[in-house]
Amino acid sequence: MKNFFQFEQLGTNYRREFIGGLTTFLSMAYILVVNPLTLTLQSVPDLPDSMRMDSGAVFVATALAAAIGSLIMGLLAKYPIALAPGMGLNAFFAYTVVLTMGVSWQSALTGVLISGLIFILLTLTGVREKIINSIPSELKFAVGAGIGLFITFIGFQNAGIIVNNDAVLVGLGDLTHGNTLLAIFGIVITVILMTRGVKGGIFIGMVATAIVGMIVGLIDTPNGVVDAAPSLAPTFGAALEPLFGDAGSIFTIQMLVVVLTFLFVDFFDTAGTLVAVANQAGLMKNNKLPRAGKALFADSCATVVGAILGTSTTTSYIESSAGVAAGARTGFASVVTGVLFLLSIFFFPLLEVITAPVTAPALIIVGVLMVSSLGEIDWKKFEVAVPAFLTIVAMPLTYSIATGIAIGFIFYPITMIMKGRAKEIHPIMYALFGIFVLYFVFIA
């Protein structure tokens, strides 16, 4: 096992990998609760039952998709990157495709399935890997730093430290609120542990925060430990029904836009996550991602499996960076995360303690670690600084990793050409320039 995952070469061991995998699981376990709430449109009252997916089935599908995707990533690509149905894409699925466009959730799942199959084709032909390797190192570092700021912003939101302000968009929250105080406690504890160099400091900080939350009554103590798994039957295979039934509802311009949006967002969210986490773990070699094809294949397969099970697009999770910060360096950590997702199907009551204030400190501290890549960018070269800066700042401000990448990638060829460095631009970057421009014109 040690040789298979190259523990010695990467300077790791079972304990570090287990803690890293567990930390990643705890950092992204919220998706087990949030995804069913989102896909079943619980925030929208008075909807016909036919428009709502079954909550229990979606929960099981979410857990299984995350488990299978993480296991494939760990065993095939050997990266410490976990997968699960993506935030943002699930909201697009529910609120845009189903609620606004009026597409049935079965047909929406078919759109996810088709996008996953296209991804597999692009991966097997090497197109996705070539695109990622054609991205200049400055933009890869910018993507990592931008994602760091983005997840820090999410962490501050989850903590209630940053809240909505109609006058200036965002503002300081109520720092005397119980959950906010709990999150601040977690941040302080985690900072102390990390400063002292305690291994697994992020994980220990999350455990301490959860325990304190239960002691002071801010987090409910679980009523049980094990419960029976809900039935998967209501959603399993539903993505195939329109293909063999009402195929006419699939081959439309509307569904083409849906599939392209799933493709676009997942493609560049995944690319950004893989690059950022690999950079953080020190796995990048000569500005290239080793075994990139296998990592992308794992991501593509997870999307197809998730669609068949009954959930929105499954993608690589940036929360994996929390596991890397806790010590994960190999795919064994992803295997641990995958197994924990399988177990979570039966231990759902315990997940009630993994609330937003518990995960917020981990996201904030990981953001601190990820922005270290800013030092790798040559800020004195204006033609590089502009696209890098726009990539970084656009991610948190637009609340989208993909949009940040798009803006930066549009400006990169412009500044490089104007500086007389056009020959240094990879041809694929020109193609991406055109694709991103069309994206903003017709899709965004």
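What comes next concerns the included structure.

Thresholds applied
Residues numbered from 1 in each chain as written. Predicted model: local features only at pLDDT ≥ 70, side-chain atom pairs only at ≥ 80, totals over all residues. Heavy atoms only, no water. Axes fitted to C-alpha atoms, helices over the stretch in contact; angles between N-to-C directions. Helix = DSSP H or I, 4+ residues; strand = E, 2+ residues; numbered from the N terminus. Parallel < 35°, antiparallel > 145°, perpendicular 65-115°, else oblique. Left-handed = near helix turned anticlockwise from the far one by under 90°. Contact = heavy atoms within 4.5 Å. Nonpolar A, V, L, I, M, F, W, Y, C, P; charged D, E, K, R; others polar. Pairing = 2+ DSSP bridges. Buried < 20%, exposed > 50% of the residue type's maximum accessible area, 1.4 Å probe, protein only. Salt bridge = Lys/Arg side-chain N within 4 Å of Asp/Glu carboxyl O. Polar contact = N/O pair within 3.5 Å; in protein donor to acceptor, adjacent residues only side chain to side chain. Core = buried A, V, L, I, M, F, W, Y, C linked by side-chain atoms within 4.5 Å. Expected span 1.5 Å × (residues − 1).

A word on the packing of helix H8 (residues 127-134) against helix H14 (residues 292-309). Taken N-terminus to C-terminus, the directions of H8 and H14 make an angle of 125°; their axes are 9 Å apart at the nearest point. Between H8 and H14, the angle falls in the class oblique. Note that H8 runs across H14; the crossing there is right-handed. Across from Arg128, Glu129 and Ile132 in H8, the residues of H14 making contact are Ala292, Gly293, Leu296, Asp299 and Ser300. Among the residues forming the contact of H8 with H14, the class breakdown is three nonpolar, two polar and three charged.

This part covers the pairing of strand E2 (residues 162-165). Sheet topology note: the E2/strand E3 (residues 169-172) ladder contains four bridges and is antiparallel. Each residue of the ladder has a partner; that of Val163, found in E3, is Gly171. In sequence, E2 turns back onto E3 through a hairpin of three residues.

For the rest of this paragraph, the subject is the environment of Val44. Within the secondary structure, Val44 is located in the loop between helix H4 (31-39) and helix H5 (55-77). The class for Val44 is buried, based on a relative accessible area of 17%. Taking C-alpha positions, Val44 is 27 Å from Ser115, a pair spaced 71 residues apart along the chain. Look past the residues within four positions of Val44 in its chain and what remains in contact with it is Arg52, Tyr95 and Leu99.

This structure, assessed with the given rule, holds three salt bridges. Among the ionic pairs, Lys381 bridges to Asp378, the shortest N-O distance being 3.9 Å. We note a salt bridge from Arg421 to Glu424, for which the minimum N-O separation is 2.7 Å. For Arg421, a relative accessible area of 17% corresponds to the buried category. Accessibility expressed as a relative area gives 49% for Glu424, which makes it partly exposed. Linked by salt bridges that have partners in common, Glu383, Arg421 and Glu424 make up one network.

Take the side chain of Thr123 next. Along the chain, Thr123 falls in helix H7 (residues 105-124). Here Thr123 falls in the buried class, since its relative accessible area comes to 9%. Of note is the side chain of Thr123, whose polar atom sits 3.3 Å from the side chain of Ser300. Ignoring any residue separated from it by four or fewer positions in sequence, one finds Thr123 in contact with Arg128, Gly293, Leu296, Phe297 and Ser300.

We now examine the nonpolar core. Judged by nonpolar contacts, the single largest core of 125 residues is most densely connected at Met73, Phe93, Ile147 and Phe436. Looking at this core element by element, the count peaks at 16 residues for helix H13 (residues 253-281). With seven residues, the next largest nonpolar core counts Phe141, Ala142, Ile377 and Ile392 among its residues.

Let us now look at helix H11 (residues 201-215). In an α-helix, one turn spans 3.6 residues; hence positions three or four apart end up facing the same way. When the terminal C-alpha atoms of H11 are compared, their 21 Å separation across 15 residues agrees well with the 21 Å that a helix rising 1.5 Å per residue should span. Residues of H11 that are buried: Gly201, Ile202, Phe203, Gly205, Met206, Thr209, Ala210 and Gly213. Those residues of H11 that are buried lie in contact with helix H3 (14-28), helix H10 (178-195), helix H15 (320-325) and helix H17 (356-370). One or two residues past the end of H11 sits Gly217, with phi positive at roughly 85°.

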